[in-house]
Amino acid sequence: NAGVTQTPKFRILKIGQSMTLQCAQDMNHNYMYWYRQDPGMGLKLIYYSVGAGITDKGEVPNGYNVSRSTTEDFPLRLELAAPSQTSVYFCASSPRGGYTDTQYFGPGTRLTVL
Amino acid sequence: GIQVEQSPPDLILQEGANSTLRCNFSDSVNNLQWFHQNPWGQLINLFYIPSGTKQNGRLSATTVATERYSLLYISSSQTTDSGVYFCAVPFRTGGFKTIFGAGTRLFVKA
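Residues numbered from 1 in each chain as written. Chains lettered and ligands numbered in written order. Predicted model: local features only at pLDDT ≥ 70, side-chain atom pairs only at ≥ 80, totals over all residues. Heavy atoms only, no water.

J.: Before we move on, can you summarise the nonpolar core with the specific residues and values?
T.: Considering soluble globular proteins, one finds that nonpolar side chains tend to be buried as a cluster. Leu21(B), Cys23(B), Leu32(B), Trp34(B), Leu72(B), Val89(B) and Leu106(B) are the most contacted members of the largest nonpolar core, which has 23 residues in total. Those elements giving two or more residues to this core turn out to be strand E2 (10-14), strand E3 (19-25), strand E7 (59-64), strand E8 (69-74), strand E9 (83-93) and strand E11 (104-109) of chain B. Counting residues per element, this core draws most heavily on E9(B), at 4 residues. If we ignore the near neighbours within four places in the chain, the residues touching Cys23(B) are Val4(B), Glu5(B), Gln6(B), Leu32(B), Trp34(B), Arg68(B), Tyr69(B), Ser70(B) and Cys87(B). By size, the runner-up hydrophobic cluster in this structure holds 19 residues, among which are Ile46(A), Tyr47(A), Tyr64(A) and Tyr89(A). (Core = buried A, V, L, I, M, F, W, Y, C linked by side-chain atoms within 4.5 Å. Buried < 20%, exposed > 50% of the residue type's maximum accessible area, 1.4 Å probe, protein only. Helix = DSSP H or I, 4+ residues; strand = E, 2+ residues; numbered from the N terminus. Contact = heavy atoms within 4.5 Å.)

Right, here's the structure in full:
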């Protein structure tokens, strides 16, 4: 199993540009999550999904959108990039729910908005 | 909302020393996880430990849910233990959320 994969690894955006961060998992996990980690800080939940077609907001959803059309993929969309979105983005998955389960993390995408 | 606090924020150890990291949480929880983020940024699960004690090699963790804290013990530390240790608490308030502590940054000197 490849586990949780994320692309791209690095990206630089100009203010106002849009992009999609890709996340895929091959473990047939129902739950998937997007987090951001600002320098020297812990992780904050952006969005999560409990299964294909079902998504919900986390702590810091503003400026982001998600979709979950398949069990495997959970892309994160930034529509109008702002410097405040400079961060490292982690995708994660878990078999049932992080409420009672272990999350598995991807390697992260380092995004800089200039 | 629930608060998760970790201490100490930074820790420097000589290789071979033991250490204890603490995670306090402000409300009752049904799950608590410890993660290690290595110097290259990779996040690795260490323990899923809602209560009781678990051990994995040189690492062990204890959660006392009634007193709202968890401890991570690192024995005979090695330079590869360096990185940031996070505790995380998932919970439900309407939707599902996971709250991470700010982390303990550990540096083990050779």
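J.: How would you sum up the state of the cysteines? Please name residues and give values.
T.: Residue and element names in this part refer to chain A. The final tally for this structure, using the stated rule, is 2 disulfides over all chains. The residue that forms a disulfide with Cys-23 is Cys-91, at a sulfur-sulfur distance of 1.8 Å. On the sign convention where negative means left-handed, the S-S torsion of about -70° between Cys-23 and Cys-91 marks this disulfide as left-handed. Here the residue Cys-23 occupies a position in strand E3 (residues 19-25), and Cys-91 occupies one in strand E9 (residues 87-94), the gap between them amounting to 68 residues. Since its relative accessible area comes to 2%, Cys-23 is described here as buried. The exposure class assigned to Cys-91 is buried, which follows from its relative accessible area of 0%. (Disulfide = S-S within 2.5 Å.)

J.: Any chance you could break down the side chain of Thr63(B) for me, citing the residues and the numbers?
T.: Residue and element names in this part refer to chain B. Mapped onto the elements of the fold, Thr-63 is located in strand E7. Within the structure, Thr-63 has its side chain in polar contact with the backbone oxygen of Ile-49 (distance 2.8 Å). Beyond its immediate sequence surroundings of up to four residues, Thr-63 is in contact with Phe-25, Leu-32, Ile-49, Pro-50, Ser-51, Gly-52, Tyr-69 and Ser-70. (Polar contact = N/O pair within 3.5 Å; in protein donor to acceptor, adjacent residues only side chain to side chain.)

Shape descriptors only; they carry no functional weight alone.
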